[in-house]
Amino acid sequence: MAGPLHRRRERLRVDQERTMSADVSYSTAFQQGVREEMQRDKTVFVLGTDLFDRGGHFAQVKGLGDQFGRTRVRDSPISEAAMVAAGVGAALAGTRPLVDLNFMDFAYGAMDEIANQAAKLRYMWGSPVPLVIRATSGVAQGGAQHNNSLEPWFSGLPGLSVVSPYRPYDVKGLIKSALRGSDPVIFMMHKKLTGARGPVGDDTELVDIGSAHVARRGTDVTVVSYSYGVRLATQAAEALAQDGVSAEVIDLRTLYPLDTATIVESVRRTGRVVVVDEAPRYGGMAAEIVTSITESAFWYLDQPVHRVTGAHTPIPHSPALLDAILPTEADVVRAVRQVLADGPQEAR
Amino acid sequence: MTIATSGPDLDGTPQAELLDWLSDMLLIRRFEEVADELTLRGKVPGGMHAAIGQEAVAVGAVRGLRSDDIVSGTHRSHHHALAKGLPVGGVLAELFGKATGVVGGRGGSMHLADFERGMWGSNGIVGAGLGIAMGAALGQVVKGSDQVALGFFGDGGANTGRVWEFVNLAAVWKLPLIAVCENNVYAVETMSSQVTGGESVAARAAGFGLPSHQIDGQDVVAVYHAVREAAERGRSGGGPTFLELLTYRYRGHNSGEVIRYRTEDEVTRWRTSKDPIERFCARLTEQGLLDPDELDRRTSAAHAQVDDAVRFAEESPWPDPSTAAENVSAWTRSGR
């Protein structure tokens, strides 16, 4: 488990936005969405470790234990295989389990239950598995085994949807959709966004799985990203605006199914693209996004698409090393300037 | 550890059903023999794993449950599916990969399922079926239903970590789960006793704080009693039960396997002294419930059912290739 990470969480909060008091945090948005769905549908229940009293290590279900009791907020042994298997069977039984794995990295311990069971049972047996698996994702601190990027693993498994929201609004809207869906959803919430604040919708507002969101309008270049990468992209776009560059930022929100229509529509207008993804470069989501653009908008491109990604390494402990392998706002700005330049480009 | 067998009489069994139990066992035996032969003739893509010799395990267990109770299986699960009442033709057509198979040709021998009949899938991953049953048992608790779930796994599965993680979760949450280790002596080609620490699988399970018993899996009546008691316990909120059913498979791990890991003698000993069908026939005869003519009639009926199934599977159409990428998930649009 991640003692050091939890201790540093407070420090990370300093780096996070706090705006209007009516806004709620990324974690609270999740809790609100789950609570509303648990009130609406008595078959929705939550299982995982340290949920009932603590409300999860990121306060993601804080207060739900007291409100719904131990049958619907179930503290489980630390067995990811058993947690997900319990969720798969209960989903087949017609209930709507939300399995909390704390850290996405721990999903490796339940890979059979996710990949061989949850993802395939509708196809093999015709029986849907309305299961949501939530975990905290993305790179913060905590070293090589608390910061894996499993997005391409899960997105590559037929049968799963993979969601990775940036804004509290989308966290709430997407968890509500996920808990009403009929098929498994991997719900990834970035560590560094835990305390980020923003407005959320009311109990009737849902966000469709598979729909991207244009986070910022622009005309010169399209920056495509998701999760914490949207913050880098937005900050870069603001910096570039001061030099007269108009960058459009697309927040994918869902990685599978990918909303290629929104990406392509933007690319056809701007003709230039940068994809930002903090996950390791090789075989990552960025590669899939670039391919989709190439298939559907190649003749609209004025320059090759650029990727700004993490290095192809595990995640180090030392902040000095960590900073060296992760994309930064400056990297995004540099990439945008490169794709805006005319003439042939050197490959990075 | 004591091995539970049934007593000399048939007290406590539903006497009117006993001949149907026998019919189920005869059907399973015949099905497996014919399916094995058809596999060797190339009719079953990917091969199959016969459970000949293990008929009492499936029939005793399923008869100990209510018809709406849930069963999940292993890679070797035709006997579980047939005992659960899946249509014989549909099962064989599924092995063939035909459109009329129980899951439309999407599953095959290792992935039979029929949720309406309580067969929550046979599973190609060792130990995984128990997880489905454990989760199914949890679902019943959350829904407030009184159905119980029985998960089969093998002696091979007893050496995977996940099996014990499932048993532990069921024990601490008091789920209505019956965890059934179908110990047929060999894990693929390895004698399980050579790779299994401890006294027995059942002894290991007892450490998780749930009732755990070794049962003579060649004795359909003993299996029935053990499962019925476990089901009643689960249904009344008493939590899970662990059963190790001692049985034996006559054929290899899969059809056509060249067997080097055991002697013909060993197989013959099991076949001649412990065959579950012969033992049950002797029992029924002693009790005056069966005579040779009745046995002949039931044997012929089983053969006829399987013959019909073969015809059905042979004559059934292939699934429409244009549907191959359908029904992956609501999130997937036409397989792209």
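Refer to the preceding data block for the structure.
Residues numbered from 1 in each chain as written. Chains lettered and ligands numbered in written order. Predicted model: local features only at pLDDT ≥ 70, side-chain atom pairs only at ≥ 80, totals over all residues. Heavy atoms only, no water.

Side note on the interface of chain B and chain A
And then number 1: With 42 residues of chain B in contact, the opposing surface of chain A contributes 43 residues.
And then number 2: In total, about 3300 Å² of surface goes out of reach between chain B and chain A, with carbon and sulfur atoms giving 65% of it.
And then number 3: Contact with chain A buries area across many residues of chain B, yet B:V142, B:W173 and B:W331 alone supply 23% of it, more than any other trio.
And then number 4: Where chain B packs against chain A, one counts 2 salt bridges.
And then number 5: Between B:R162 and A:E113 there is a salt bridge, with its nearest N and O atoms 2.9 Å apart.
And then number 6: At the junction of chain B and chain A, the tally comes to 12 residue pairs in polar contact (both at pLDDT 80 or more).
And then number 7: Here the side of chain B that touches chain A takes 12 residues from helix α5 (residues 128-143) of chain B, the largest share from any one element.
And then number 8: Taken together, the residues of the side of chain B that touches chain A break down into 22 nonpolar, 13 polar and 7 charged. (Contact = heavy atoms within 4.5 Å. Buried area = accessible area lost by both parts, 1.4 Å probe. Salt bridge = Lys/Arg side-chain N within 4 Å of Asp/Glu carboxyl O. Polar contact = N/O pair within 3.5 Å; in protein donor to acceptor, adjacent residues only side chain to side chain. Helix = DSSP H or I, 4+ residues; strand = E, 2+ residues; numbered from the N terminus. Nonpolar A, V, L, I, M, F, W, Y, C, P; charged D, E, K, R; others polar.)

Observations concerning the packing of aromatic side chains
And then number 1: What the rule picks out here adds up to 16 aromatic pairs over all chains.
And then number 2: Look at B:W21 and B:Y224: their rings are 4.8 Å apart centre to centre, the planes differ by 50°, and that puts the pair in the tilted class. Of this pair, B:W21 sits in helix α1 (residues 18-40) while B:Y224 sits in helix α9 (residues 220-235), and the two are 203 residues apart along the sequence. Residue B:W21 shares its accessibility class with B:Y224, and that shared class is buried.
And then number 3: Seen in terms of ring centroids, B:Y186 and B:Y248 are 6.4 Å apart; in terms of plane orientation they differ by 70°. Their pairing is edge-to-face. In this pair, B:Y186 sits in strand β5 (residues 186-187) while B:Y248 sits in the loop between β8 (241-246) and α10 (264-273), placing the two residues 62 residues apart along the sequence.
And then number 4: Lying across the ring of A:F52, A:R70 places its NZ or CZ 3.7 Å from the centre.
And then number 5: The ring of B:W318 has B:K98 lying over it, and the distance from NZ or CZ to the ring centre is 4.9 Å. (Phe/Tyr/Trp six-rings, centres within 6.5 Å; stacked < 30°, edge-to-face > 60°. Buried < 20%, exposed > 50% of the residue type's maximum accessible area, 1.4 Å probe, protein only. Lys NZ or Arg CZ within 6 Å of the ring centre and 35° of its normal.)

A word on a nonpolar patch on the surface
All names here are of chain A.
And then number 1: Taken together, the side chains of F298, W299 and Y300 make up a nonpolar region of the molecular surface, amounting to roughly 430 Å² of accessible area.
And then number 2: Turning to its location among the elements, W299 is positioned in the loop between α11 (285-297) and β14 (306-310).
And then number 3: Since its relative accessible area comes to 78%, W299 is described here as exposed. (Patch = residues over 30% accessible without salt bridge, like charges linked within 9 Å, V, L, I, M, F, W, Y side chains within 5 Å. Areas by Shrake-Rupley, 256 points an atom, 1.4 Å probe, with all protein chains shown as cover.)

A look at the pairing of strand β4 (residues 177-183) of chain B
All names here are of chain B.
And then number 1: Most of β4 is tucked away: 7 of the 7 residues are buried.
And then number 2: Burial along β4 is two-sided: the face carrying L177, A179, C181 and N183 and the face carrying I178, V180 and E182 are both buried.
And then number 3: With 6 bridges joining them, strand β3 (residues 149-154) and β4 adopt parallel strand pairing. Along β4, the bridge assignment pairs F153 with C181.
And then number 4: This β-α-β element, β3 to helix α6 (residues 161-172) to β4, shows right-handed connectivity.
And then number 5: Here β4 runs beside β8; their pairing, made up of 6 bridges, is parallel. Along β8, the bridge assignment pairs I178 with T241. (Pairing = 2+ DSSP bridges. Right-handed = clockwise from strand over helix to strand, strands pointing away.)

Observations concerning the pattern of salt bridges
Residue and element names in this part refer to chain A.
And then number 1: If you walk through the whole model with that rule in mind, you get 35 salt bridges over all chains.
And then number 2: Across the salt bridge formed by D100 and R134, the nearest N and O atoms sit 2.8 Å from each other. One end of the pair, D100, is in strand β4 (residues 96-103); the other, R134, is in strand β5 (residues 132-137), with 34 residues separating them in the sequence.
And then number 3: Its relative accessible area of 2% is what places D100 among the buried residues.
And then number 4: Classification of R134 as buried rests on a relative accessible area of 1%.
And then number 5: Notably, a salt bridge pairs D331 with R334, separated by 3.0 Å at the nearest N-O pair. With a gap of 3 residues between them, D331 and R334 both fall in helix α13 (residues 329-340), about one helical turn apart.
And then number 6: One salt-bridge network, held together by shared partners, links E36, E37, R40, K172, K176 and R180.

Some words on the sheet that holds strand β10 (residues 221-225) of chain A
Residue and element names in this part refer to chain A.
And then number 1: An order of β9-β11-β10-β13-β14 is seen for the 5 strands of this open sheet, with the pairing classed as mixed. Each edge of the open sheet is held by one strand with a lone partner, namely β9 (213-216) and β14. Here the average twist between neighbouring strands, direction ignored, is 25°.
And then number 2: Bridging between β10 and strand β11 (residues 247-251) involves 5 bridges; their strand directions are parallel. (Axes fitted to C-alpha atoms, helices over the stretch in contact; angles between N-to-C directions.)

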